[in-house]
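Structural characterization, general
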Amino acid sequence: MASEKKEVVLSATVEEPLDLLRLSLDEKVYVKMRNDRELRGRLRAFDQHLNMVLSEVEETITTREVDEDTFEEIYRQSKRVVPMLFVRGDSVILVSPPIRAS
Amino acid sequence: MMPKNMLFDIFKFPFQLFFSFFKSLVGKDVVIELKNDLSICGTLHSVDQYLNMKLTDITVSDPERFPHMVSVKNCFIRGSVVRYVQLPSDQVDTQLLADSCRKELADSKAKQ
């Protein structure tokens, strides 16, 4: 049986959505997560579920509180840094390619 | 006669990047954060294709909030309830990881 080996060239163009992520490998990305969480970190690997490994991650968690007297909404942000993080894809809302410096 | 396993090979999960990655971390200490905000620190004992994980010698980061977990020493975690896994950064070869990721992308493109 002749096995036909298809030549695969990973091009530098975006043909499908995941290509955008492929071109972001080893770059800083922004990830919006469910439960008002955001991540900024360097993309090390991902798969088609959007499972990802990020390094030098900063996570921002936004919590909302309502002031009892004025009924004003208060948003609080807490941040933390994780050196290496695996993120399960089902909590991911969006991934935005490199945050360019300047 | 065709061995029984061959049948299963056809249906074998084709994308195994993170499965292999976690297999390489077996025996290392990780912190698994669940979607209910429970954080479990322990030694990775085993992992399967669904990224279910078994941890041994566990401790809970916030025992006041989850007092029922204090006496648990080992546990099996269903992959779907995981939000994050904090990894030991010195045990992760980021170059190798990125290369395997690119290889898997190329393989999946070849199959299309």
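Residues numbered from 1 in each chain as written. Chains lettered and ligands numbered in written order. Predicted model: local features only at pLDDT ≥ 70, side-chain atom pairs only at ≥ 80, totals over all residues. Heavy atoms only, no water.

Notes on the nonpolar core
Formally: Grouping buried Ala, Val, Leu, Ile, Met, Phe, Trp, Tyr and Cys residues that are joined through side-chain atoms within 4.5 Å yields what is termed a nonpolar core. Three exposure classes are used, based on accessible area relative to the maximum for each residue type with a 1.4 Å probe and protein chains only: buried under 20%, partly exposed in between, and exposed over 50%. Residue contacts follow a heavy-atom distance rule, with two residues in contact if any of their heavy atoms lie within 4.5 Å.
Of all hydrophobic cores here, the largest spans 50 residues; its most connected members are F22 and L87 of chain B. If near-sequence neighbours (up to four positions away) are discounted, L87 of chain B is found in contact with V53, M84, L85 and F86 of chain A together with F21, F22, L25, V30 and V92 of chain B.

Some points on the interface of chain A and chain B
Short version of the rule: A carboxyl oxygen of Asp or Glu within 4 Å of a side-chain nitrogen of Lys or Arg is what we treat as a salt bridge. Secondary structure elements follow DSSP: runs of H or I no shorter than four residues count as helices, runs of E no shorter than two count as strands, and numbering proceeds from the N terminus. Note on residue classes: Ala, Val, Leu, Ile, Met, Phe, Trp, Tyr, Cys and Pro are nonpolar, Asp, Glu, Lys and Arg are charged, and everything else, Gly too, is polar. Two strands qualify as a pair provided DSSP detects at least 2 bridges between them.
At the interface, 32 residues of chain A touch 32 residues of chain B. Seen at the junction of chain A and chain B, the total is four salt bridges. One salt bridge in this structure joins R102 of chain B and D26 of chain A, with 3.6 Å as the shortest N-O distance. Of all elements in the fold, only helix 1 (17–22), strand 2 (37–46), strand 3 (52–66) and strand 4 (73–87) of chain A reach the threshold of two or more residues within the side of chain A that touches chain B. In terms of residues, the side of chain A that touches chain B owes the most to one element, strand 4 of chain A, which gives seven residues. Looking at the side of chain A that touches chain B residue by residue, the class counts come to 15 nonpolar, five polar and twelve charged. Relative to strand 5 (residues 82–86) of chain B, strand 4 of chain A runs antiparallel, the two being bridged by three bridges. Bridge pairing in strand 5 of chain B links F86 of chain A to V85 of chain B.

On their own, these measurements won't tell you what the molecule is for.
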